[in-house]
Amino acid sequence: MVALQTLKSINKDLAMTQSEISTGKSVASAKDNSAVWAISKVMESDVAGFKAVSESLSLGESTVAVAANASETITDLLNDMKGRIVAAQEENVDRDSIQQDITALTEQIGSVVAAAQFNGLNLIDGTSTDDVQILSSLNRDNTGAVTAGQIDVARQNLSTTTPVDAQAFGAGASTQPLANDAVQVGAANTGFAAAATDPVSSVTVTGGTSTTVAFGAVSAGNSYQLTLDGLSINTADGSSATGRRDFQFVASAEDGQADVINGLANQLSAFFGAATDGADGYSVTVDIDAGTLTFSTGATADDVDVGAVFQNGGTPGSTASTGGLGALSTLDVTSDSGATAALTAIDGLIEQSISAAAAFGTVQTRIETQSDFVSNLTDSFKSGIGSLVDADMEEVSARLQALQTQQQLGVQSLSIANQAPQSILSLFR
């Protein structure tokens, strides 16, 4: 009986060892070790979930990469356009040809925007303002509850077809006192008649001197024009010519005195930098607290006549932030005032495309980092599961040989035990 029980025990252990070798697992089912098996199955489900997360991150990364590349391309095209607009500031240039180049570049930007989609999702065409959510992780707390983590990707509007309003200078008749209260150059009277384009009078700024422009209260539709006549403006052949430029700003309901002053000052500074010689020393400074703007010239500069025009009933143009790149359709450099306005507008459009590219680049880096983390986390989980349930094949193989030897000895022992009764019976024969 002892030999039989010993053989049964050996056979049982041998069967378990052979099962570990055939499956490669020390815990192949719940009956082997229910606690470890349960933990391993939870971890295996997480690994399967991480595979779906990894696929989602790959799709999201590709989508954002397309948008980032398109944004960078659009920035390059806008910089090319700015070069054309700067050229349009000069005297004696073919502005009609320059306008054709600007129109062609605008159409090219539109083509880039339309093509910037991946699997049908376009992040820059302005058709939606909703963030795009990318599955980035599965988070399990200590109670076993699982929540999905996501990366939000903000869309950027770089559409050239977004409806925008072109700035329209007011044509409502004002009065001399109201016009002078709104904007006045020194003691000169401001132009105020309906559809006025010229100041009533102006202040002559001689070389090395300056004049101050004072601004009053601001209301929606107020239209301000500063006229500088006698500027030395660069020409296409590298020389210069004397000319006049008008700088206009139409206030919106949100604009105040500071917005008007800064808006005109930015136009003046952009023009001076693009179309005048630094030797003339043209400059502009602002004093927001005092509500003034000061125009100055260098000591060797020729006389410049500075005047102002004020009207009401104007229409402020859409900004880059409200209309994507739709303002490209309103750029018109065929006139002096249009060229000046375009020079200021293009900087805002370039800034918007740069901001879009930077935003996508930031998200792209985050997605790449998360994708690498999920990959490493998956490997760690697989390693952990293996430590829990995988068999140590070297140890199991050694045990198999030992049990097979024990089985052989057990069979021999049982055979010897079975022969003993036969020997006793032979004595009675």
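What counts and what doesn't
- Residues numbered from 1 in each chain as written.
- Predicted model: local features only at pLDDT ≥ 70, side-chain atom pairs only at ≥ 80, totals over all residues.
- Heavy atoms only, no water.
- Helix = DSSP H or I, 4+ residues; strand = E, 2+ residues; numbered from the N terminus.
- Buried < 20%, exposed > 50% of the residue type's maximum accessible area, 1.4 Å probe, protein only.
- Contact = heavy atoms within 4.5 Å.
- Areas by Shrake-Rupley, 256 points an atom, 1.4 Å probe, with all protein chains shown as cover.
- Pairing = 2+ DSSP bridges.
- Axes fitted to C-alpha atoms, helices over the stretch in contact; angles between N-to-C directions.
- Salt bridge = Lys/Arg side-chain N within 4 Å of Asp/Glu carboxyl O.

Asker: Help me get a handle on the overall build of the chain, residues and values and all.
Answerer: Secondary structure summary: the chain contains eight helices and twelve strands in total. The 429 residues of the chain split such that 40% are buried. The long-range fraction of contacts in the chain, counting pairs at least 24 apart against all pairs at least 6 apart in sequence, stands at 74%. With the model as given, the accessible surface of the chain reaches about 21200 Å², and the carbon-plus-sulfur share is 51%.

Asker: Account for the side chain of S137, with residues named and values stated.
Answerer: With respect to the secondary-structure elements, S137 resides in strand β3 (residues 132-140). The residues contacting S137, other than those within four sequence positions of it, are V53, T147, A148, G149 and Q370.

Asker: Before we move on, can you summarise the pairing of strand β9 (residues 240-250) with the specific residues and values?
Answerer: As judged from the eleven bridges shared by strand β8 (residues 223-234) and β9, these two strands associate in the antiparallel manner. Note that in β9 the partner of T227 across the bridge is D246. Hairpin connection between β8 and β9: a loop of five residues separates the two successive antiparallel strands, and G238 in this loop has a positive phi of roughly 95 degrees.

Asker: I'd love a proper account of the sheet that holds strand β5 (residues 183-185), names of residues and values included.
Answerer: The strand order β5-β7-β11-β10 describes an open sheet built from four strands, whose pairing is antiparallel. One side of each edge strand has no neighbouring strand; the edge strands of this open sheet are β5 and β10 (283-287). Neighbour-to-neighbour, the strand axes of the sheet open up by a mean angle of 20 degrees, direction not taken into account. Bridge analysis of strand β7 (residues 210-215) against strand β11 (residues 292-296) gives five bridges, and the strand direction is antiparallel. The residue of β11 that forms the bridge with A214 is T292.

Asker: Describe the pattern of salt bridges, naming the residues involved and giving the relevant values.
Answerer: One pass over the full model with this rule turns up seven salt bridges. Notably, a salt bridge pairs R84 with D101, separated by 3.9 Å at the nearest N-O pair. On the criterion of sequence distance, the pair formed by R84 in helix α2 (residues 34-88) and D101 in helix α3 (residues 95-115) is long-range, its members being 17 residues apart. When the shortest N-O distance is used, the salt bridge between D246 and R244 registers 3.0 Å. Where salt bridges share partners, they join E91, R95, R245 and D336 into one cluster.

Asker: Tell me about unusual backbone geometry, and please be specific about residues and values.
Answerer: In this structure, N92 takes a positive phi of about 60 degrees despite not being glycine. For N92, the position within the fold is in the loop between α2 and α3. Judged by its relative accessible area of 64%, N92 falls in the exposed class. The phi dihedral of N119 falls on the positive side, at around 55 degrees, and the residue is not glycine. The topology assignment puts N119 in the loop between β1 (117-118) and β2 (121-122). Residue N119 is classed as exposed on the basis of its relative accessible area, which comes to 67%.

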